[in-house]
Amino acid sequence: SRQWAELYLRLATVNVYLLHDDYQRAEDAARRCAPLAESLACIAQHLEARLNLGYARRHRLSWAGAFEAYDDALRLARLTGDKERAAVAQALRAELSAACGNIEEARLAGKAALHEAVNLGSVRGEIYAHLALSEACRRGGESNEALHHGQQALAAAGAHELVKMEATARLAVAAAR
């Protein structure tokens, strides 16, 4: 039970670092969470650690590492049947693809992630998918479509009072305009 407590404490610490945009510490903490969650056979927390690791790396501009973490999360989520986290991983990976200039790949993955997230009722997956599609459309020269997806992300985040995601969606709307 000490290991379980340690795992949840580490995961909570990662979330605090992410909340305060301390991506270096978030990455370090997430990297320590993944093997512990794996050793405890706690798939959900292992997936969250992989998603957090990818998110921190993406914001530190370690894009190859972010792709690796998102791919690991996507593979593990599909293998274990965790459709919600698979949609989140696919959406986050799509946004990263858009940022790297892989517009068509980002659009296809973003649409697939959005479809899955909506079917599952995953608010987090839906928001990330809309943000990915907004970025892909903006970079692809479709500002109206980018604005639409940014506004959809903003509406979903606002409806669930997800303040940080709402701020991120506002930035996507501003970029699209």
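Residues numbered from 1 in each chain as written. Predicted model: local features only at pLDDT ≥ 70, side-chain atom pairs only at ≥ 80, totals over all residues. Heavy atoms only, no water.

Some remarks on the overall build of the chain
Turning to step 1, where the next piece is worked out: Scanning the chain from N- to C-terminus turns up 9 helices and 0 strands.
Turning to step 2, where the next piece is worked out: Reading the chain from its N terminus to its C terminus gives the helix and strand order α-α-α-α-α-α-α-α-α.
Turning to step 3, where the next piece is worked out: Over its C-alpha atoms the chain spans a radius of gyration of 16 Å, differing by no more than 12% from the 16 Å that the globule rule assigns to 177 residues.
Turning to step 4, where the next piece is worked out: Projecting the C-alpha coordinates of the chain onto the three principal axes gives extents of approximately 50 × 30 × 30 Å.
Turning to step 5, where the next piece is worked out: The buried share among the 177 residues of the chain stands at 49%.
Turning to step 6, where the next piece is worked out: Taking contacts inside the chain between residues at least 6 apart in sequence as the whole, the part at least 24 apart equals 57%.
Turning to step 7, where the next piece is worked out: Only carbon and sulfur atoms are counted for the fraction: they give 52% of the accessible area of the chain, which is about 8,700 Å².
Turning to step 8, where the next piece is worked out: Seen as two clouds, the 22 positive and the 22 negative side-chain charges of the chain have centres 3 Å apart. (Helix = DSSP H or I, 4+ residues; strand = E, 2+ residues; numbered from the N terminus. Rg over C-alpha atoms; globule rule 2.2 N^0.38 Å. Buried < 20%, exposed > 50% of the residue type's maximum accessible area, 1.4 Å probe, protein only. Contact = heavy atoms within 4.5 Å. Areas by Shrake-Rupley, 256 points an atom, 1.4 Å probe, with all protein chains shown as cover. Lys, Arg positive; Asp, Glu negative; His and termini not counted. Charge placed at Lys NZ, Arg CZ, Asp CG, Glu CD.)

Some words on the pattern of salt bridges
Turning to step 1, where the next piece is worked out: Summed over the entire model, instances satisfying the criterion amount to 22 salt bridges.
Turning to step 2, where the next piece is worked out: Among the salt bridges present, the one from arginine 60 reaches glutamate 27, with a minimum N-O distance of 2.5 Å. You can see arginine 60 sitting in the loop between helix H3 (43–59) and helix H4 (63–80) and its partner glutamate 27 sitting in helix H2 (residues 23–39), a full 33 residues away along the chain.
Turning to step 3, where the next piece is worked out: Residue glutamate 27 is classed as buried on the basis of its relative accessible area, which comes to 7%.
Turning to step 4, where the next piece is worked out: Ionic pairing is found between arginine 170 and glutamate 166, a salt bridge with its closest N-O pair at 3.0 Å. (Salt bridge = Lys/Arg side-chain N within 4 Å of Asp/Glu carboxyl O.)

Observations regarding the environment of alanine 169
Turning to step 1, where the next piece is worked out: Along the chain, the position of alanine 169 falls in helix H9 (residues 163–176).
Turning to step 2, where the next piece is worked out: The class of alanine 169 is buried, set by a relative accessible area of 0%.
Turning to step 3, where the next piece is worked out: Separated by 11 residues in the primary sequence, alanine 169 and glycine 158 have C-alpha atoms spaced 9.4 Å apart.
Turning to step 4, where the next piece is worked out: In this structure alanine 169 touches Leu131, Gly150, Ala153 and Leu154, once residues within four positions along its chain are discounted.

Looking at the side chain of asparagine 52
Turning to step 1, where the next piece is worked out: Assignment of secondary structure puts asparagine 52 in helix H3.
Turning to step 2, where the next piece is worked out: Apart from residues lying up to four places away in sequence, asparagine 52 is in contact with Val14, Asn15, Leu18 and Ala30.

Brief notes about unusual backbone geometry
With glycine set apart, most residues show a phi of negative sign, and most peptide bonds adopt trans.
Turning to step 1, where the next piece is worked out: If you check the backbone angles, alanine 41 has positive phi at about 55 degrees while not being a glycine.
Turning to step 2, where the next piece is worked out: Even without being a glycine, glutamate 161 presents a positive backbone phi close to 55 degrees.

Observations regarding the side chain of histidine 149
Turning to step 1, where the next piece is worked out: Mapped onto the elements, histidine 149 comes out in helix H8 (residues 143–159).
Turning to step 2, where the next piece is worked out: Within the structure, the side chain of histidine 149 is placed 3.0 Å from the side chain of histidine 130, a separation counted as a polar contact.
Turning to step 3, where the next piece is worked out: Among all residues touching histidine 149, those that are not within four sequence positions of it are Leu114, His130, Leu133, Ser134 and Cys137. (Polar contact = N/O pair within 3.5 Å; in protein donor to acceptor, adjacent residues only side chain to side chain.)

Considering the packing of helix H1 (residues 2–19) against H2
Each pair of packed helices can be summarised by the angle the axes make with each other and by the distance between the axes.
Turning to step 1, where the next piece is worked out: Interhelical geometry of H1 versus H2 gives an angle of 155 degrees and a closest axis separation of 8 Å. With respect to each other, H1 and H2 are oriented roughly antiparallel. In the crossing of H1 with H2, the sense of the turn from one axis to the other is left-handed. When H1 is examined against H2, the residues Gln3, Glu6, Leu7, Arg10, Leu11, Val14, Tyr17 and Leu18 are found in contact with a partner set consisting of Tyr23, Arg25, Ala26, Ala29, Ala30, Arg32, Cys33, Leu36 and Ala37.
Turning to step 2, where the next piece is worked out: Taken together, the residues of the contact of H1 with H2 break down into 12 nonpolar, 1 polar and 4 charged. (Axes fitted to C-alpha atoms, helices over the stretch in contact; angles between N-to-C directions. Parallel < 35°, antiparallel > 145°, perpendicular 65-115°, else oblique. Left-handed = near helix turned anticlockwise from the far one by under 90°. Nonpolar A, V, L, I, M, F, W, Y, C, P; charged D, E, K, R; others polar.)

A look at helix H7 (residues 123–139)
Turning to step 1, where the next piece is worked out: Here H7 contains 17 residues, and its C-alpha end-to-end distance of 24 Å stays within 8% of the 24 Å for a straight helix at 1.5 Å per residue.
Turning to step 2, where the next piece is worked out: Counting buried positions along H7 gives 12 out of 17 residues, so the element sits mostly inside the fold.
Turning to step 3, where the next piece is worked out: Turning to H7, its buried residues number three or more, namely Gly125, Ile127, Tyr128, Ala129, His130, Leu131, Ala132, Leu133, Ser134, Glu135, Ala136 and Cys137.
Turning to step 4, where the next piece is worked out: Immediately beyond the C-terminal end of H7, within one or two residues, lies glycine 141, with a positive phi of roughly 85 degrees. (Expected span 1.5 Å × (residues − 1).)

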